[in-house]
Amino acid sequence: MRLERRASVPWTLAVSTPFVAIAVALALSAMLILAAGVNPLLAYVEILRGSLGSRLAVTETLTRAVPLVLTGLAVAVAFRARFWNIGGEGQFYLGALSVAWVGHNLISGLPPAIGIAVLIVVGMVAGALLLSGPAYLRLRFGVDEVVTTLLMNFIVILFVGLMIEGPLRDPLAFGWPQSVPVDKAYRLPDLIPNTRLHIGLLIALTIAGIIWLLLARTVFGMEARALGLNARAAEFAGVSLPRTIIGVALLSGGLAGLAGVIEVTGVTGGVTTTMSPGFGYAGIVVAMLAALHPAGVVAAAVFVATIFVGADAMSRATGVPSFIADVIVALALLTMLVALLFSSYRIRR
Amino acid sequence: MSTVLRLDRITKRFGGVTANDDVTLKLKEGEILALLGENGAGKTTLMNILFGHYAADEGTVKVFGKTLPPGRPRAAIKAGVGMVHQHFTLAGNLSVLDNVMLGSEPLLRAKSRCEEGRARLLALSEQFGLTVDPDARVLGLSIGERQRVEILKALYRDARILILDEPTAVLARPEAHRLFDTLRSMTRQGLSIIFISHKLNEVMAASDRITILREGRIMAERTPTETSSDELAELMVGCRVTRPKREAHAIGPPRLVAEDVTVHLDGKPMLKGVSFTVHAGEILGIVGVSGNGQVALGALLSGVAAPETGRLTLEGREIGGQGPRAFIAEGVGRIPEDRHAEGVVGELSVWENGVLEHLATPEFSTHGFVRRGVARCHAADLIKRFDVRGATPEMRIRLLSGGNIQKLILGRVLAAAPKVIIANQPTRGLDEGAIAAVHGELLSAREAGAATILISEDLEEAVGLSDRLQAIVGGRLSQPVAAERADSRRLGLMMAGVWEELGDAA
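Scoring rules and cut-offs
Residues numbered from 1 in each chain as written. Chains lettered and ligands numbered in written order. Predicted model: local features only at pLDDT ≥ 70, side-chain atom pairs only at ≥ 80, totals over all residues. Heavy atoms only, no water. Patch = residues over 30% accessible without salt bridge, like charges linked within 9 Å, V, L, I, M, F, W, Y side chains within 5 Å. Areas by Shrake-Rupley, 256 points an atom, 1.4 Å probe, with all protein chains shown as cover. Salt bridge = Lys/Arg side-chain N within 4 Å of Asp/Glu carboxyl O. Helix = DSSP H or I, 4+ residues; strand = E, 2+ residues; numbered from the N terminus. Buried < 20%, exposed > 50% of the residue type's maximum accessible area, 1.4 Å probe, protein only. Contact = heavy atoms within 4.5 Å. Buried area = accessible area lost by both parts, 1.4 Å probe. Polar contact = N/O pair within 3.5 Å; in protein donor to acceptor, adjacent residues only side chain to side chain. Core = buried A, V, L, I, M, F, W, Y, C linked by side-chain atoms within 4.5 Å. Pairing = 2+ DSSP bridges. Axes fitted to C-alpha atoms, helices over the stretch in contact; angles between N-to-C directions. Right-handed = clockwise from strand over helix to strand, strands pointing away.

Asker: Go over a nonpolar patch on the surface with me, naming the residues and quoting the values.
Answerer: Residue and element names in this part refer to chain A. On the surface, W84, V146, V147, L150, L151, F154 and Y281 cluster together into a nonpolar patch covering about 570 Å² of accessible area. For V146, the position within the fold is in helix α6 (residues 145-165). Exposure remark for V146: the relative accessible area of 32% places this residue in the partly exposed category.

What follows is the structure, given as structure tokens:
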């Protein structure tokens, strides 16, 4: 038995790959649910009901999907150029923290729209700068960015802890470790009144469109892709490796930082060390399920958000721990990797 | 002599393409059989079926009278078949001994029987005159040495039938001679050998019998004594192919000039004070045995490597070390040595590869956006003008054969009407038809006034195309000689580094 590369991957196969992967992941997770003594179908129905069963549930799911779209895009942009940014979580937190710091009282008095724009820039710059370090180390000394970006996550989260216990502590939070909140004037307006869904959804969708345009239609996007697929040939053709990698890193870090900005200004107001249920890491799953395609990122983000939001309701109804959400999402990444292999290779006997 | 191997009515299809069509082949004991054919004739597919990499759609493989189960390389190895692939399958970070023993030991044994393995390897290397150092790391070995390790690996597994896929494609001429001497001595010790080739002179020189494959079918079988290179060429290609000839014409002013240039790669000096001048409308051939600085020269001339000392000027302007983009912008067209590694991005489409070099120019982009329509038309033009067979602008370029990829690269270079062309081993691994096409294009670019540097290990090609020749030896360049005065004796001396006493520069 051996693997033979397909001459070309038909688009039907490419599109169906993530669905097959998700189905397999759900089937595997079903065994765990069964082991917990619950009918898996019932559990999955409860997940769907919890995440999509009511107007409020749908808005909650979309609210959760917003940062996932952005961290997913961050990963997609980087992975296309074979720049392995595993540090989305850290960039998310640094973006969030910088916005809490600047947005609390440093820029009071600006018109809301301008203030929000300033915060977006601040958070993106924070995320971008954080990733430029690993990018520089990779280019200058060949340091593997998987290691540096991954380890930076822990440093940043501890730094956030330090800040919200110290200089940025919210004195009104009754000892709860939370940062000072962003000025009320600079919160993102609600998209639907009386829900948590905010205009960050529109921002994320717009950004996804822009990223699609950038990757599919511009010189930068094509050069980044060429570099990812065959760095030597791309360099021979005149693509600058340092410039492209730095560009990709700034963009990727900026997007993950933006996710933090949107989450703070749209949902939480202040920063806590538990505000992200792994948005940065889940971004990797989202991007892989999307096969690194921006439109797919949006769909995959909604899927992951559905699982996360629905798992809590399912847990209440059936008693299966909501950690099953993490299991499903993690399994979906693994099955997607296997499915990608089988979509580009076929088995020959 | 008994028949040791029999392929019976083998047919293999890939999708709609029939790679092998009803092929029957016999190999006798102690014989060297050459399998001759163009790229894509189905030689490698046939050998992969024999070795069990592929399962045939129809037909059987019999080794020493026993039918092999299809698609089982282990069964083939056990039956005594050994294969040396064109692209070696060695682990670079392991020693020679480790590579040879790898996979031949049972998985569940606490201790490797390393000492027995070493003794056996040394005995084999003695018996067949294949000298290797068992403890050397494969990474540090030359191509020729790596091939010896591959052969030893097969022998270590008790191969009685050896298959070599294009064994000389990567070897310099003296190494190739040595290889064939070794193969000959192996047959005297009872081994039987099949080697795949598309080089006429070597199948004439080294084989007992020649089977010619074309479009997946056996066209003919000959012995070297009853045939000629011309007949073989005709059988192989299907029609007579003649390489185009260079015609004398007036050359123009100097275009690309190197003065005393030294280039370091990985901190080591690989080019040492080389000087040359190439004029408009001229082809300057750089000949030499591989590994004498051609890689560094190619890197310098394509903008990848910068001169450590000395000057490289294009029409009087310094250009050395300014990066590939500056070279492209200045009108230097580059055909890289390794078309898969440097020439194209295999997973990108034909049109994307066609414009990658010129993406940043106003012709193919505005305000940072790629002009996809223009780029697709450009690719369609290249495909038509340079006869890139089987290509459409949208398909991924890795699906094309090596020769057709090379035609696209050539087209990409020539369509930009370059002032200078750097052709680094432009026909390596191509079949006769494609070689003739590439030569024709290079010659018509010369007619049009391009200054060309041709780096080639193929002497016939270098002498046939070049106006003047320089030899590269140990990172240094000889004085140039006019092609008319470059007889084989003089070239041989030049390539051996004996040029001081020849004196007379052209």
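Asker: Kindly report on the interface of chain A and chain B, identifying the contributing residues and their values.
Answerer: Residue-level contacts link 29 residues of chain A with 35 residues of chain B. It is A:R217, A:M222 and A:F236 in chain A that bury the most area against chain B; as a group they hold 27% of the surface buried on that side. Joining chain A to chain B, the criterion identifies three salt bridges. Across the pair A:E223 and B:R325 runs a salt bridge whose closest N-O atoms are separated by 2.8 Å. Counting across the chain A and chain B interface gives 12 residue pairs in polar contact (both at pLDDT 80 or more). Secondary structure elements with two or more residues in the side of chain A that touches chain B: β1 (2-5), α7 (200-217), α8 (219-229) and α9 (231-236) of chain A.

Asker: How would you sum up the nonpolar core? Please name residues and give values.
Answerer: Here is a general trend for soluble globular proteins: nonpolar side chains tend to be buried in one another's company. Grouped together as the largest cluster of nonpolar side chains are 116 residues, with contacts concentrated most on A:L68, A:L73, A:F79, A:F83, A:L289 and A:V304. With 12 residues, the top contributor of residues to this core is helix α3 (residues 55-80) of chain A.

Asker: Can you tell me about the sheet that holds strand β9 (residues 209-214) of chain B, naming the residues and giving the values?
Answerer: All names here are of chain B. Strand order in the open sheet formed by six strands is β6-β7-β8-β3-β9-β10, and the pairing between neighbours is mixed. Each edge of the sheet is formed by a strand with only one pairing partner; in this case those strands are β6 (81-84) and β10 (217-222). Geometrically, the sheet is characterised by an average inter-axis angle of 20 degrees between neighbouring strands, direction not taken into account. The sheet contact formed by β6 and strand β7 (residues 161-165) spans four bridges and is parallel. By the bridge assignment for β7, M83 is matched with I163. Against the sheet, helix α5 (residues 143-156) touches β6 and β7, its axis set at about 165 degrees to β6.

Asker: Got a sec to walk through the pairing of β7(B)? Specific residues and values, please.
Answerer: Residues and elements named next belong to chain B. Among the five residues of β7, five are classified as buried, and the element is accordingly described as predominantly covered. Burial along β7 is two-sided: I161, I163 and D165 and L162 and L164, pointing in opposite directions, are all buried. Note on the crossover from β7 through helix α6 (residues 173-188) to strand β8 (residues 192-197): the handedness is right-handed.

It is worth stressing that arrangement in space is one thing and function is another; only the former is reported here.
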